[in-house]
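Residues per chain are reported as follows:
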Amino acid sequence: MSCQHKDKSNLTLLDNHQPTITPTIFAPNIISLENYSEASITFNPDMSELFFQRKISIDGSYNIYTIKLIDEEWSEPELATFSTSIEHLELHPRLNQNGDRLYFGSRRPLKDSTESTGFHQWYVEKNNGIWGAPKLLLPKLFDNEWIMCVSPAMNGNLYFTSKEKEHMLENEANYYCINRNGHYDSIIRMNGTVNFSGKWRAHPYIAPDESYIIFDAETTDIPENSDLFISFNNNGTWSKARSLGPKINTEMSETTATVSPDGKYLFFDRGVEKKGEDGSTYWESDIYWVDFNQLKKEILKNTNSN
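Computed from a prediction, not measured in an experiment: that's the story for all the values here.

A short note on the overall build of the chain
Point 1. Looking only at helices and strands, the chain has two helices and 23 strands in total.
Point 2. In terms of overall size, the chain behaves like a compact globule, its C-alpha atoms giving a radius of gyration of 19 Å where 306 residues would be expected to give roughly 19 Å.
Point 3. In the chain, which comprises 306 residues, the share counted as buried stands at 50%.
Point 4. In the chain, the proportion of contacts linking residues at least 24 apart, taken out of those at least 6 apart, comes to 46%.

Structural data, given as structure tokens:
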């Protein structure tokens, strides 16, 4: 890929333009491909390595892809070494702030099994520049729990989507568990200012310092029309979640937000349900990006004025 490296901190390496307050497709024809579905992008600290999920066929499954900056140029996207099986759904990669641990969800079989037992959370660790084998995340705590889209804070606290045992999957909400010197002993549902009324609240992105959380929710009567919301942490109290506004939220579905490690850019996917020639439905989406500093100022200004 002939994309010259001029500034490691500048993701315009992959796009050739500086994002504004109006979202645009990120890295068209490189990351976001026509007629494919991409989402859930995540970056290492200096933004020289990234991961995202992609589905390459209507009836196919998501896998995790990666590209790296090598010798002043970006490589072509390829399947991550831990996500090469096209038989099992694998999605929502999230790197920690050191860039040496990556969380993801998968329907791959558990150890000593050849059949999938459902959707579980896994992680891989990087040692000497090489990603290791996937390990099951918190098997004791997450046993018999439905967990999706784990987002780590700098202190090791984990935020994710889950639900109460008696609830349907449509009643997804934002949860977290506290890192207690490397141990996690409980799953805690976030309060109503974050988990407001709606069909679901899902796919959280937590700021490294836990100063804000961004997530998507379906709150209208329009099916598959989720929007993005943000809540700010004020000395341990989460503010009422606010929409990211009409520049971000449209009649399409906006989900899986993340923010670049330098805090400058917000990424999310925007998609729509389509109908195939045989009458079946399928999902098609692209990854978008926007100037997050400008967006956040606008949201805070509107919040203060109200």
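Having put the structure on the table, let's press on.
Overview of the nonpolar core
Point 1. Counting 19 residues, the largest nonpolar core has Tyr212, Ile214, Ile230, Leu244, Leu266, Phe292 and Leu295 as the members making the most contacts within it.
Point 2. Looking at this core, the elements with two or more residues in it are strand S17 (212-218), strand S18 (227-234), strand S21 (253-259), strand S22 (265-275), strand S23 (281-291) and helix H2 (292-305).
Point 3. The next biggest cluster of nonpolar side chains, apart from the first, holds 18 residues, and it includes Phe26, Ile30, Ile67 and Leu69.

Some details on the environment of asparagine 155
Point 1. With respect to the secondary-structure elements, asparagine 155 resides in the loop between strand S12 (148-152) and strand S13 (158-162).
Point 2. When its relative accessible area of 39% is taken as the criterion, asparagine 155 is described as partly exposed.
Point 3. Along the backbone, asparagine 155 and glutamate 251 are 96 residues apart, and their C-alpha atoms lie at a distance of 37 Å.
Point 4. Discounting chain neighbours no more than four positions away, the residues touching asparagine 155 are Asn179 and Glu210.
Point 5. At a separation of 2.9 Å, a polar atom in the side chain of asparagine 155 contacts the main-chain amide nitrogen of asparagine 157.
Point 6. A polar contact of 2.8 Å, which involves the side chain of asparagine 155, links it to the side chain of glutamate 210.

Procedures and definitions
- Residues numbered from 1 in each chain as written.
- Predicted model: local features only at pLDDT ≥ 70, side-chain atom pairs only at ≥ 80, totals over all residues.
- Heavy atoms only, no water.
- Helix = DSSP H or I, 4+ residues; strand = E, 2+ residues; numbered from the N terminus.
- Rg over C-alpha atoms; globule rule 2.2 N^0.38 Å.
- Buried < 20%, exposed > 50% of the residue type's maximum accessible area, 1.4 Å probe, protein only.
- Contact = heavy atoms within 4.5 Å.
- Core = buried A, V, L, I, M, F, W, Y, C linked by side-chain atoms within 4.5 Å.
- Polar contact = N/O pair within 3.5 Å; in protein donor to acceptor, adjacent residues only side chain to side chain.

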